[in-house]
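These are the residues of each chain, in order.
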Amino acid sequence: MSATPWQIGDVPGPKQAHILRPEVFPKIVKTLKRPLIVVGSRKEVSEDKDIANNIVIMAKSMNSPLVVSPSIFKSFMKFKDVKVVCMGIEDLVNHLKEKEWKGFDDKGNYDSILFVGGVYYFQSQMLSTLKHFAPHLKTFSMDRFYHPNAEFSFENMSEVRWVQEFKGMIEMIKSSSVS
Amino acid sequence: MSATPWQIGDVPGPKQAHILRPEVFPKIVKTLKRPLIVVGSRKEVSEDKDIANNIVIMAKSMNSPLVVSPSIFKSFMKFKDVKVVCMGIEDLVNHLKEKEWKGFDDKGNYDSILFVGGVYYFQSQMLSTLKHFAPHLKTFSMDRFYHPNAEFSFENMSEVRWVQEFKGMIEMIKSSSVS
Amino acid sequence: MTTKLSIKELESSFAKIKGLELLIGKIVEEEWDEIVGPTPYPSITDLRAWDHRLLQRYEPFYSPFCDMCCLCTFGKCDLTKGKKGSCGIDIRSQQGKIVLIACLMGAACHATHARHIVNYLIEKKGRDYPIHLGEEIELEAPLIRLVAGIKPKKLGDLEEVLDYIERQITHLLSATATGQEESYIDFESKALHAGMVDNVALEVADIAQISALRFPKGDPDAPLVDLGMGVIDKTKPVILCVGHNVAPGSEIINYLEQSGIYGSVEVAGICCTAHDLTRYSTGAKIVGPLSRQLIFVRSGVADVIILDQECIRTDIIDEAKKVGTRVITTIDQVCAGLPDMTKSPIESIIKELVSGSFPAVLIHDPAKAGEVAVKVALEIAPSRRAKIISDEQEVLDAVLRCKDCGRCRRNCPIDLSIDEAVYASHEKNFGLLAQIYDQCLLCGRCESECPEHIPIVSAIRVAAMEKIRNEKYKVRSGRGPIKDTEIRKVGRPIVMGEIPGVIAFVGCANYPNGNKELVEMADEFAKRRYIVVASGCAAMDIARYKDEDGQTLYEKYAGDFDAGCILNTGSCVSNAHIIGAAVKIANIFAKRRLRGNFEEIADYILNRIGAVAIAWGAQHQKAASIATGANRLGIPVILGPQGVKYRRAYLGRADKKENWTVYNVRTGKEVYAGPAPEHLLYVTESKEEAIVTAARLVMRPNDTSKGRMIKLSHYIDLHQKLYGIIPEDLHLFVRTEADLPLTMKDQLLKVLKKRGWEPMELPDPTLLERQIIRRE
Amino acid sequence: MTTKLSIKELESSFAKIKGLELLIGKIVEEEWDEIVGPTPYPSITDLRAWDHRLLQRYEPFYSPFCDMCCLCTFGKCDLTKGKKGSCGIDIRSQQGKIVLIACLMGAACHATHARHIVNYLIEKKGRDYPIHLGEEIELEAPLIRLVAGIKPKKLGDLEEVLDYIERQITHLLSATATGQEESYIDFESKALHAGMVDNVALEVADIAQISALRFPKGDPDAPLVDLGMGVIDKTKPVILCVGHNVAPGSEIINYLEQSGIYGSVEVAGICCTAHDLTRYSTGAKIVGPLSRQLIFVRSGVADVIILDQECIRTDIIDEAKKVGTRVITTIDQVCAGLPDMTKSPIESIIKELVSGSFPAVLIHDPAKAGEVAVKVALEIAPSRRAKIISDEQEVLDAVLRCKDCGRCRRNCPIDLSIDEAVYASHEKNFGLLAQIYDQCLLCGRCESECPEHIPIVSAIRVAAMEKIRNEKYKVRSGRGPIKDTEIRKVGRPIVMGEIPGVIAFVGCANYPNGNKELVEMADEFAKRRYIVVASGCAAMDIARYKDEDGQTLYEKYAGDFDAGCILNTGSCVSNAHIIGAAVKIANIFAKRRLRGNFEEIADYILNRIGAVAIAWGAQHQKAASIATGANRLGIPVILGPQGVKYRRAYLGRADKKENWTVYNVRTGKEVYAGPAPEHLLYVTESKEEAIVTAARLVMRPNDTSKGRMIKLSHYIDLHQKLYGIIPEDLHLFVRTEADLPLTMKDQLLKVLKKRGWEPMELPDPTLLERQIIRRE
Ligand code: SF4
Ligand code: SF4
Ligand code: SF4
Ligand code: SF4
Ligand code: SF4
Ligand code: SF4
Ligand code: SF4
Ligand code: SF4
């Protein structure tokens, strides 16, 4: 594991993501009032049913809607009990950066945006937009890549490790939301 | 102490200096074959006799010549038993980056360049030149500022702490060169 | 610029000037009787009001690529989260500045290219050589007429247009210096201006070369030519032209023809020069787009490489030297540190090149360079060819050094699992490497990072050798402009919306997943009888795939500008004709005046012409400037995911009703017309999103119900097919029930009802108050 | 560019053109009989051989400011330690590209400024208005003659020069796009070209305004005018002009004069506009250089600010709004998102501004802007003045919030201990803050970083209030060019080396330790009877210090171009005259032909004219382009430590004997001539190093023994005084014993002997083989 930008050249400047530890993440999750999970189009994510399932479980336990990049919406539309929105990510980010945006439920903007599964360089830039122009939001990268433009990001890790960590986190989140 | 570039914007890219610990430095020093100490023009350094003395002591115990930025040469010319060269730092760096340069003793280029006392932004750029164009050299920043463009740099620290550390290092170097 | 003097003034001063040498600008016959519109040769601010109108609806959206600014010696200034630089600038304006710089680099490329080619042709054919694009093209220069307000009749007329362009670029560039423009909106207005002059430069370059060289003149049946790494006959001497300026390449062909040996020497090209070589002569061959440079040069097949300008890998000469290929550079833009032999005798240049004492030289004279290239190729080919040894074994040995450290992947711009692929070849499994070949940009950055110095790109080449050998495709050579007759035919159905849209595939080859997705997109739209056009690298990459029948899309679809076509306009500068086609529709079909009448035409296109460009692999600054110019004219552009690194999009907000009003020309009323088109510049993450977005962005306020119905039926169908559902925003695009596709009407009405849909007016739309004919 | 037609051709085509409207370029009387040299209007590569010659001796030295490249969507590419980008480029060439971009931004500023001012003056005075710089100046345009090969007689003649410049800039800019130039040496050659056209643009701008406005025409006794933050009479309405283009400011003065109220309104300026306002009218006042913008605007003293172009803080409008100052922008380059009121009736503009419903507007018409500014200032001054409350208390409260976190210092471009200073003021100790005022750039970056949002710059202002009130200085207003008569007088002593050198203080105010060091340097050289000239911000900052007698250097030293002077040429564009003076010496004194004869003149200057520029606070891209242009002409430039952030120096290697040979014109022999001048562009870390380096760099191969003796005596003396020792490199500069200063001869001979010195030849030096007269 290391916390250098996954893509070597993706060094944006002095401000880089705080490292998010999988074991701490569930605690942080509990503090989020209006989270929103954003799932990008990376095929590994949508095509691996385990991963997709885990994301959905996490969304449910956090009571968060899921915005899903259009190309993978089909893999997510079947899930029930969770709001899944099909929306281009750039379009979404353009909405998110407006503090006064009403959200998908007309209850106002979200307070924390959790990204997963995006094409690395594309997601990095979306995080950059929010870093600069959405001071009202916290951003998290839950991918297996260190994303310097997020406010909090996991370190780089192998896919195997990441799937494992993810499961662990979900267990913790579920148990704590039960308790 | 922290190892972020002393000047906030001085983020050069993916490759940034390894952190040099004062307690480890003396051991490293022993491994250097042809060191060269370069003293920049920052007034705090030349005007504080303690610091100037310490630098000279270090040079002696390392058997290193001192290149001194012209404006402070007067403060250093009095020292004996150590070769002190008065030379513009940019001019020096232009010589250093040529692998085949003969050095001040005609015995060839140096193998490690230890910077101290430079004007921060100026020194940072000189270190950048060497980082890119002098793969044959190791560079060290011995200033109290983290210099990302060096190969090894101390972390940021207060002046008081720095002076202290410097003394400690000298003791260690001296004792080890005696032993 | 030239001074205007009446004949009277001239006569009276004639006495005075007798006996003196005169410097005369130009003499233009004023026989174009179209009334001059409000903005001939617009200054930086003449169209600012239009820009601000556009930018109010399509807000600039920034994704900073760097949080710092390093443009002056106050820097680096950290601009994170609201901090300002020492000059007072914030990140938003600084990003606007960076975008403007990119657009200016792009525009400067085209302006310079245009100047070079015009100078070359004037020298060859004379300043009075007529601009003539063929019988069915009277509207020869829609963009020049529109922007400059002149009607160019001779090559010489293009010079004042270039003067204007160069002035605008210089003035715009000055605004990027520290302490100049401060507002991001005005940086964007300036970027739009840069884009506009860029587009004009494209037109200057292409109409000059079409007129004066023997290019197809808007020919729908332009010949099919060979494309692919497998089409080069390696038994012959091979000359490779790389770049964008056809002058030296065409001189090679001239020399070969004159010497009667054309056919015994292969003339091939990479990038736009390749397009233009095949427009000049169907005997020339296209290796492929920029992404083929490194791998093809490494193959050692070329005996001589001629470089002109733009999109040339900066390490190509080094790579050429390694395989013994000789190089000639020919244009100021790429001097490459080489000895300038322009004035040396031909025989001595040849000697230096052949002997290898100077393996690369600079010759600033296309004809001379052409002759030298041929003679050198002929001379060295036999012996050199014998010497090239396969690097196969070397590569096979090298991959064994792979430690699976993963650094190569982390330096890959598109995050390919190249590490796994290389490591897999330890076990003699080259399948993964061969697979990567299809997605890879062949840019070599992985190689540069590898601590084991494994020549990864060469490994890919070896692994994919069989594929490469079989890369034999057909592309229709660049036809150039759209004919007036074609415009007349499709003008109405496009404006009414009955042809669902014009989709242009443009730009570079920086794809996220290889060129196949591009082919799929083009096929999808052509099949649905959109008008599909292509240019530049995209036009090549569309050809780099065959269907089950062994056909490329160019063989499968017709080349005329009509529903269900796939048409290659040509090199990057031919993008002028794609944009120009929209302008031509406004003029030829709708009879709108062009001359110096930019705003009205842009307003027309934005509201009425369902044209959208997809720059799937946009990489170069030129792509940024071309796209931005199209945007100013109201043509939306969709980028692939790498396009996010341009740092700026122009995004509409469909949810803000107030942003989508237009004036009804016939009543003066401001009416809601729906978010059509929703964005001007939008970055998509996937092919699916690009397709559906394009189908949405072709909608226009002016669509008739029949037209909207057709557009909607494709939109809904594609949305369902690719996303799995009926569009959530459907209600925004249905004005009346008549807009609804008949077969789904009931189903859709139910959906609409649930969403609280209400019918709305179909205005005769405009954003310009002055276009209102009557106020009620 | 214009076409050349003989009168015969014109006559024959005259019949044809009768009855038509004509567009005539220009009619130039060909009465300049100087033979045209080899390179009139040189293309990018025409002077490449000269560049390569220079760059071989003065190798580009790069200090990358960033290890990555982010110029296209392949990026960011990490270029550390030999890695290449996706386009194949390495860090060296990439840095060359970045340098070229900076030089082009600078050149574009000057070109655009020149075009604006020429257009403005042509509109006002007509195209035939003569270029005339006063009686003693026949050589009106040394750089234009040299580069363009024309002799401009009227304003209109300058237009074709600008066409040329704009073309070069565009063509050079295109070379910076991805995949164009690949060699760092050729990027530098292009940067030198950019610098050269920049310098020509300077000259165009300044000779136009000197001719057509009422500026001093090379007047050594140009009047002393007021400078400083303390000279503004706050009881009057105050109009502040910021920028570089004097057009709107001069129109303010015109309007005040016409209305008979000049004197009752203060017209003050910041940056070059200020210089030019005082050249236009001695009643105008100079607030100071760029570094005064933020602090002065915050003082709220100005009622109206007029912005034109260049070096304008991008947050100035926001700052102005906070204190109720109204703003008018006037030039395309700075639109600032403001409503364009150019076409609104004057009275309504005034109403909007006065009422504050639009506190800032854009007026693209200098005369209208001037009138509006005056009327608004008159109207709002009384009431506004009453309202401005001192922010003193607020500031005093704010500093108490300081937590001594140190972040401000770490965001300060020059690493000032601002944290300590702010924290110290907790104890009501404002001394440190007042002290920092003298070194501070007043750029506000510290403020931007402060987590406590302490308005640090305002705190500095409050702490230094007393100092600021007393800032009342005199500067000699910009005199413009050097007279031919002056050149005649000093030509010989300069070329022979008897006047030890010309030292020019130029460039911006980005000093490492405040302006005092600049003053000390200028004083040192003037005292030693060098010719000291100054321009731009440096010329202002030299005035911002008084000696014991209460005099500024301008009062202490004479203003004629002669030994021991201090002379202000004027605004940045007047740098043309400093560079032009060297060219004039070659022409007037040495009778070298100028016309299109660049190489010979550059060779002459490099080898014979001991001129050196010190750009102690160089910050802007313009400073980069000006310096690079000077370098191409053989004039070395010394930068202060911040100059390192330009990323490139041109350094010689004194220890490599083979680099320092010249041809002896009279024998054809190649002889060693010593490292003179040693560097072309050198960054110094300290004032001491800058002084001694300048004294070294004025040496030239052509120095007579007497001249070299004088130069050496200063060099040795300064070296001893500032470094404490006799120069180590002394032996490199002594050709024969006669070169040695008499008083130290014996001592020095001993030193020389120890160093193995041998006498050497004194050649008649040239680097150009073709200059050799006779071969032995
Ligand atoms: S803008 Fe680009 S060049 Fe400048 S610091 Fe950022 S990454 Fe580096
Ligand atoms: S241009 Fe402005 S933000 Fe950029 S480095 Fe200079 S002062 Fe900083
Ligand atoms: S050559 Fe292919 S695998 Fe290597 S970095 Fe470029 S795109 Fe990635
Ligand atoms: S960088 Fe080289 S060694 Fe590392 S995984 Fe890639 S190919 Fe293997
Ligand atoms: S220009 Fe070259 S080095 Fe720069 S980002 Fe593009 S590919 Fe990388
Ligand atoms: S205002 Fe002064 S102290 Fe503050 S950052 Fe700028 S130079 Fe440093
Ligand atoms: S940043 Fe603010 S709080 Fe911190 S030391 Fe500076 S002035 Fe004080
Ligand atoms: S000297 Fe520099 S800062 Fe001053 S006005 Fe000129 S360019 Fe601007």
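Residues numbered from 1 in each chain as written. Chains lettered and ligands numbered in written order. Predicted model: local features only at pLDDT ≥ 70, side-chain atom pairs only at ≥ 80, totals over all residues. Heavy atoms only, no water.

Some remarks on the nonpolar core
Core analysis: the largest hydrophobic core is formed by 704 residues, its most contacted members being Phe505(C) and Phe505(D). Look past the residues within four positions of Phe505(C) in its chain and what remains in contact with it is Leu518(C), Met521(C), Ala522(C), Phe525(C), Val532(C), Val533(C), Ala534(C), Ser535(C), Ala538(C), Ile542(C) and Ile614(C). In this structure, Val11(A), Val11(B), Met68(C) and Met68(D) belong to the second largest nonpolar core, which totals six residues. (Core = buried A, V, L, I, M, F, W, Y, C linked by side-chain atoms within 4.5 Å. Buried < 20%, exposed > 50% of the residue type's maximum accessible area, 1.4 Å probe, protein only. Contact = heavy atoms within 4.5 Å.)

Some thoughts on the packing of helix 20 (residues 484-496) of chain C against helix 24 (residues 575-589) of chain C
Residue and element names in this part refer to chain C. Between helix 20 and helix 24, whose axes approach to 9 Å, the crossing angle comes to 90°. With respect to their mutual orientation, helix 20 and helix 24 come out roughly perpendicular. Along the contact surface, helix 20 presents Asp484, Ile487, Arg488, Gly491, Arg492, Ile494, Val495 and Met496, while helix 24 presents Ala581, Lys584, Ile585, Ile588 and Phe589. Partitioned by chemical class, the residues of the contact of helix 20 with helix 24 number eight nonpolar, one polar and four charged. (Axes fitted to C-alpha atoms, helices over the stretch in contact; angles between N-to-C directions. Helix = DSSP H or I, 4+ residues; strand = E, 2+ residues; numbered from the N terminus. Parallel < 35°, antiparallel > 145°, perpendicular 65-115°, else oblique. Nonpolar A, V, L, I, M, F, W, Y, C, P; charged D, E, K, R; others polar.)

A word on the environment of Val82(B)
Residues and elements named next belong to chain B. Within the element layout of this structure, Val82 appears in the loop between helix 4 (73-76) and strand 4 (84-86). A relative accessible area of 14% places Val82 in the buried class. Other than its neighbours up to four places away in sequence, Val82 contacts Val56, Ala59, Lys60, Ser64 and Leu66.

Details of the interface of chain A and chain C
By a frequent convention, interface size equals the accessible area lost on bringing the separate parts together. Listed as interface residues are 46 residues of chain A and, on the opposing side, 49 residues of chain C. Carbon and sulfur atoms supply 53% of the area buried between chain A and chain C, which totals about 4,100 Å² over both sides. Here chain A and chain C share three salt bridges between them. Notably, a salt bridge pairs Asp67(C) with Lys131(A), separated by 2.6 Å at the nearest N-O pair. Residue assignment for the side of chain A that touches chain C shows that the elements contributing at least two residues are helix 4 (73-76), helix 5 (89-96) and helix 6 (120-133) of chain A. In terms of residue count, helix 6 of chain A provides more of the side of chain A that touches chain C than any other element does, 10 residues in total. (Buried area = accessible area lost by both parts, 1.4 Å probe. Salt bridge = Lys/Arg side-chain N within 4 Å of Asp/Glu carboxyl O.)

Quick word on the site of ligand 6
Ligand 6 sits among Cys412(D), Pro413(D), Leu416(D), Ile418(D), Cys440(D), Leu441(D), Leu442(D), Cys443(D), Gly444(D), Arg445(D), Cys446(D) and Val457(D). Among the residues forming the shell around ligand 6, the class breakdown is 10 nonpolar, one polar and one charged. (Near = heavy atom within 4 Å.)

As for the pairing of strand 16 (residues 565-570) of chain D
All names here are of chain D. Among the six residues that make up strand 16, six are buried, leaving the element largely enclosed by the rest of the structure. Sheet topology places strand 15 (residues 531-535) next to strand 16; five bridges connect them, and they run parallel. Within the sheet, the bridge partner assigned to Ile531 lies in strand 16 and is Cys565. (Pairing = 2+ DSSP bridges.)

Details of the site of ligand 7
Around ligand 7, 13 residues are found, and the nearest of them are Cys402(D), Cys405(D), Gly406(D), Cys408(D) and Cys450(D). Tallied by class, residues from the shell around ligand 7 come to eight nonpolar, one polar and four charged.

Quick look at the environment of Gln619(C)
Secondary-structure assignment places Gln619(C) in the loop between strand 17 (611-615) and helix 26 (621-632). For Gln619(C) and Arg708(C), which are 89 residues apart along the polypeptide, the C-alpha to C-alpha distance reads 33 Å. The contact partners of Gln619(C), leaving out residues within four places of it in the chain, are Leu290(C), Cys508(C), Asn510(C), Tyr646(C), Cys72(D), Thr73(D), Phe74(D) and Thr178(D).

Details of the pairing of strand 7 (residues 238-242) of chain D
Residue and element names in this part refer to chain D. Of all five residues that make up strand 7, five are buried, and the element is covered over most of its length. Neither face of strand 7 is left uncovered, since the one carrying Val238, Leu240 and Val242 and the one carrying Ile239 and Cys241 both have all their residues buried. Bridge count between strand 7 and strand 8 (residues 266-270): five bridges; the pairing is parallel. Residue Leu240 lies in a different strand from strand 8, and its bridge partner there is Ala268. Across four bridges, strand 7 lies against strand 10 (residues 304-307) in parallel orientation. Its bridge partner being in strand 10, Ile239 is matched across the sheet by Val304.

A short note on the domain arrangement of chain C
All names here are of chain C. When cut into domains, chain C gives domain 1 (48-213), domain 2 (229-387), domain 3 (392-469) and domain 4 (473-771). Between the C-alpha centres of domain 1 and domain 2 the distance comes to 31 Å. Taken together, the contacts link 12 residues of domain 1 with 15 residues of domain 2. For the domain 1 and domain 2 pair, buried surface summed over both sides reaches about 980 Å², with 52% attributable to carbon and sulfur atoms. Where domain 1 touches domain 2, the interface holds two salt bridges. In this structure, Arg279 engages Asp206 in a salt bridge whose closest nitrogen and oxygen atoms are separated by 2.9 Å. Applying the counting rule to domain 1 against domain 2 returns six residue pairs in polar contact (both at pLDDT 80 or more). (Domains from an automatic or database assignment. Polar contact = N/O pair within 3.5 Å; in protein donor to acceptor, adjacent residues only side chain to side chain.)

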